[in-house]
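# Understanding the architecture of this molecule
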Amino acid sequence: MSTEPSRGSKNSPEENRLPFEPRQKRQKKPKTTPSTAPQKTASGQGKSPGANKEAMAIPEVVSKRMVRRMALLCGVPTFMGIATFFVSYLLSTNVGLKLPNVAVVLVSMGFFGLGVLGLSYGLLSASWDENTPGTNLGWQEFTTNWGRMTSAWRSARQKTTN
């Protein structure tokens, strides 16, 4: 069970924002012409509205948590997919058991597919809150993060249709 407060509470949207979420909605940039291009500062770099990338960066604690889960949940099935070829070769040369090529390819493709799913699940099952480590299995975090993603997709789709 997660001790994280409900995101749908009476709190303001600012309090529900994750540390790496932008504080405000981005507006579309108007096309710039040479006369309206951002002016360069004394240091030689132009000032643009998205210059503060550090504020939108994923915190290091969260990214390490994601990488650990992705490495485990993607690495093991991928290793098994590669090992399938070696095991089938050893079975055919040492034991004399000739496996159909299609069976070997399908089994290895199944493991590679599990690796892709593990990569996605590892990313979404990590807690995106810096202060909450999350659970071992990560199902609660997965459902929360999946809900955030789908709501972001819906709002983006509504903006493009309007």
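Counting restarts for each chain, with residues numbered from 1 along the sequence as it is written. Given that this is a predicted model, residues contribute local features only at a pLDDT of at least 70 and side-chain atom pairs are listed and counted only at 80 or more, while totals for whole chains, interfaces and linings are drawn from all residues. To get the side-chain values, all heavy atoms of the structure are used, and hydrogens and water are removed first.

## Some points on the packing of helix H2 (residues 60-95) against helix H3 (residues 101-124)
The description of two helices packed together rests on the angle between their axes and the distance between the axes. Rule in force here: For helices, the fitted line uses only the C-alpha atoms of the stretch in contact; every axis is such a line through C-alpha atoms, and the angle between N-to-C directions lies from 0 to 180 degrees. In this description a helix means any DSSP run of H or I spanning at least four residues, a strand means any run of E spanning at least two, and both kinds are numbered starting from the N terminus. Angle categories: roughly parallel below 35 degrees, roughly antiparallel above 145, roughly perpendicular from 65 to 115, and oblique for all the rest.
Following both chains from N to C, one finds H2 and H3 inclined at 175°, their axes separated by 7 Å at the closest point. By the angle between their directions, the pair H2 and H3 is classed as roughly antiparallel.

## Description of the environment of Thr-132
Put simply, the rule reads: Only protein chains enter the area calculation, which uses a 1.4 Å probe; residues under 20% of their type maximum are buried, those over 50% are exposed, and those in between are partly exposed.
Within the secondary structure, Thr-132 is located in the loop between H3 and helix H4 (139-161). Taking the relative accessible area as the measure of exposure, Thr-132 reaches 14% and is therefore buried. Counting along the chain gives 70 residues from Thr-132 to Val-62, while the straight-line C-alpha distance between them is 9.5 Å.

## Here we look at the nonpolar core
Test applied: The set of buried Ala, Val, Leu, Ile, Met, Phe, Trp, Tyr and Cys residues whose side-chain atoms join them within 4.5 Å is what this entry labels a nonpolar core. What makes two residues a contact is simply this: any of their non-hydrogen atoms within 4.5 Å.
Counting residues in each nonpolar core, the largest one holds seven residues, listed as Val-62, Met-66, Tyr-121, Leu-124, Ala-126, Trp-128 and Phe-142. Elements that contribute at least two residues to this core include exactly H2 and H3. In contact with Leu-124, other than residues within four places in its own chain, are Glu-141, Phe-142, Asn-145, Trp-146 and Met-149.

## So, the pattern of salt bridges
When charged atoms on two side chains of opposite charge get close, those side chains can pair. Formally: In the sections that follow, a salt bridge refers to a side-chain nitrogen of Lys or Arg positioned within 4 Å of a carboxyl oxygen of Asp or Glu.
As enumerated under the stated definition, the model contains one salt bridge in all. The residue Glu-60 makes a salt bridge to Lys-64 at a minimum N-O spacing of 3.1 Å. Residue Glu-60 and its partner Lys-64 are both found in helix H2; the two are separated by four residues, about one turn of the helix. You can call Glu-60 exposed: its relative accessible area is 53%. Overall, the relative accessible area of 47% leaves Lys-64 in the partly exposed class.

## Here's the deal with the confidence of the model for the protein
Spelled out, the test is: The predictor reports its confidence for every residue as pLDDT, a score running from 0 up to 100.
Taken residue by residue, the protein gives an average pLDDT of 79. The fraction at 70 or more is 66%. Put simply, helix H1 (residues 13-16) is where the protein has its lowest mean pLDDT, 60, and H3 is where it has its highest, 94.

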